[in-house]
Amino acid sequence: MASNQQTRPAIGELAKDSGTGRIGVVMGEIGGRVQMRPVRGGKEWDALPNDVVAPSAREELSARLAVRNGNSRVPL
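The shown structure was predicted, so the numbers you read here are calculated from the model rather than taken from an experiment.

Definitions and cut-offs
Residues numbered from 1 in each chain as written. Predicted model: local features only at pLDDT ≥ 70, side-chain atom pairs only at ≥ 80, totals over all residues. Heavy atoms only, no water. Helix = DSSP H or I, 4+ residues; strand = E, 2+ residues; numbered from the N terminus. Buried < 20%, exposed > 50% of the residue type's maximum accessible area, 1.4 Å probe, protein only. Contact = heavy atoms within 4.5 Å. Areas by Shrake-Rupley, 256 points an atom, 1.4 Å probe, with all protein chains shown as cover. Pairing = 2+ DSSP bridges. Salt bridge = Lys/Arg side-chain N within 4 Å of Asp/Glu carboxyl O.

*Asks:* Can you walk me through the overall build of the chain in this structure?
*Replies:* Of the regular secondary structure elements, the chain holds one helix and five strands. Order of helices (α) and strands (β) in the chain, N terminus to C terminus: β-β-β-β-β-α. Counting only residues that meet the buried cut, the chain has 24% of its 76 residues in that class. Partitioning the intrachain contacts of the chain with sequence separation of at least 6 by distance along the chain shows that 34% fall at a separation of at least 24. Counting only carbon and sulfur atoms, one obtains 50% of the accessible surface of the chain, whose full area is about 5700 Å².

If you want it as structure tokens, here you go:
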């Protein structure tokens with residue numbers, strides 16, 4: 001039976017921290033907080049578990065496109 005209840009994205013998946021509006025990759029959970037890393041790398045931040053949700057299709061596409069565009073600027 002299908003459920004309308006959404007589940008939190010798993011480790012390694014793209015997610016949105018609705019508390020800050022940031023998109024990142026779920027890295028783990030410690031001490032009741034979810035650790036997230038920016039899509040292009042960088043310093044992790046802690047998010048409240050209830051704030052971590054799946055991004056909309058538009059948000060996910062935008063994040064992935066930003067990574068792709070950033071990679072295209074790196075000299076070979």
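*Asks:* In this structure, what is going on with the pairing of strand E3 (residues 33–38)? I would like to understand it.
*Replies:* Across a regular strand the side chains alternate sides, sitting on one face of the sheet and then on the other. In this sheet, E3 lies alongside strand E2 (residues 22–30) in antiparallel orientation, the contact comprising six bridges. Bridge pairing in E3 links isoleucine 30 to arginine 33. Here E2 folds back onto E3, and the loop between the two strands holds two residues, one of which, glycine 31, carries a positive phi near 60 degrees. Here E3 pairs with strand E4 (residues 45–47) via three bridges, running antiparallel. Paired with methionine 36 across the strands is tryptophan 45, a residue of E4. The hairpin formed by E3 and E4 contains six residues between the paired strands, and glycine 41 there has a positive phi angle of roughly 95 degrees.

*Asks:* Please clarify how the sheet that holds E4 should be interpreted in this entry.
*Replies:* Hydrogen bonds between backbone atoms are what pair the strands of a sheet, whose relative direction is either parallel or antiparallel. Across the sheet, five strands lie side by side as E4-E3-E2-E1-E5; this open sheet has antiparallel pairing. Looking at strand neighbours, the two that pair on one side only are E4 and strand E5 (52–53), the edges of this open sheet.

*Asks:* What am I meant to see in the pattern of salt bridges here?
*Replies:* Proximity of charged atoms lets side chains of opposite charge pair with each other. Summed over the entire model, instances satisfying the criterion amount to three salt bridges. For glutamate 59, the salt bridge is made with lysine 16, and the minimal N-O distance between the two is 2.8 Å. Of this pair, glutamate 59 sits in helix H1 (residues 57–72) while lysine 16 sits in strand E1 (residues 14–17), placing them 43 residues apart in sequence.

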